[in-house]
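# Descriptive structure summary
Listed below are the residues making up each chain.
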Amino acid sequence: MLTQYLDERTMLFPDRVDGWRDAIEQVAAPLLADGAITREYVDAMLTSIANGGTYIDLGYGIALAHARPESGVVRTGLSALWVRPAVLLNDEEAHPIRLFVCLAAADSSAHLAALAQLGQLLTDEAARDALLAATDPTTALAVLTAGEQS
Amino acid sequence: MTKFLAVCSTGLGSSFMVHMNIEKVLKELGASGVTVDHADLGSVANGDADAVFVGRDIAEAAGHLGDVVVLDSIIDLDELRTKVRDAAGRHGVAVQ
């Protein structure tokens, strides 16, 4: 289910990320490019974070960037961006982020199966560490695939 | 029936993950008689649930919701285990 959304095209390992705003722009880019979201959705995420929305920090350096379905989601999608070194979410010291996952939920139920699987993966310490340590889409995909089978 | 509610700003991202994990922890604890759901902060009123689980960042905004349980991390199962057990105790839910 996760690999239906997260694949070699939507998992990004950029050489350079200039702060949290650039991270959001970069992680949203594949969803924007294939029409899953509109520009409005990217702006909604940026605004939400800038207004103190650091609740998207799940812990362990992982952020789940998202906004409301009505803020520009065309269809459900997920993308991910690995950031080295970490960037500070909303420039706040308390929120260093190494992995941004961007969630675009077309309605409040379509994304639940994928999100449930992601939640399960991220609460498993070994899988979480392996995912954070991934250096390219192939290794990340291997972690996701193993998670789907367990 | 006791109700635990996971709440976040949008009601569809982190609150759902917390919802799933609360169910997982309750099952581990052998607790029964607890329903779990998730919602966005704007649609929840005091009294909607016996305990409301939120991330640290909206702790203040959720302060009016009664028994508010603040989580340092959304995906730390050990923390959640402790806090769900405590909440269960406060609301008379038997756990193993």
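Residues numbered from 1 in each chain as written. Chains lettered and ligands numbered in written order. Predicted model: local features only at pLDDT ≥ 70, side-chain atom pairs only at ≥ 80, totals over all residues. Heavy atoms only, no water.

Our focus in this paragraph is the UniProt feature "domain: PTS EIIA type-2" (unreviewed entry) in chain A. Listed under "domain: PTS EIIA type-2" (unreviewed entry) in the UniProt record, and renumbered for this structure, are residues 4–147 of chain A. End C-alpha atoms of residues 4–147 of chain A are separated by 13 Å, and the span's content is 42% helix alongside 22% strand. (UniProt positions renumbered as here; feature names shortened; annotations may be inferred. Helix = DSSP H or I, 4+ residues; strand = E, 2+ residues; numbered from the N terminus.)

Looking now at the packing of aromatic side chains. Under the defined criterion, the tally for this structure stands at 2 aromatic pairs over all chains. Centroid distance A:F13 to A:W82: 4.3 Å. Interplanar angle 15°. Geometry classified as stacked. One end of the pair, A:F13, is in the loop between β1 (11–12) and α2 (19–33); the other, A:W82, is in strand β4 (residues 77–88), and 69 residues separate them in sequence. On the basis of relative accessibility, which here comes to 21%, the residue A:F13 falls in the partly exposed class. Consider the rings of B:F4 and B:F53, whose centres lie 5.5 Å apart with planes at 55°: the pair is tilted. Placement of B:F4 in strand β1 (residues 2–8) and of B:F53 in strand β3 (residues 51–55) is noted, with a sequence separation of 49 residues between them. The lysine or arginine in question, A:R128, covers the ring of A:Y60, its NZ or CZ lying 3.5 Å from the ring centre. (Phe/Tyr/Trp six-rings, centres within 6.5 Å; stacked < 30°, edge-to-face > 60°. Buried < 20%, exposed > 50% of the residue type's maximum accessible area, 1.4 Å probe, protein only. Lys NZ or Arg CZ within 6 Å of the ring centre and 35° of its normal.)

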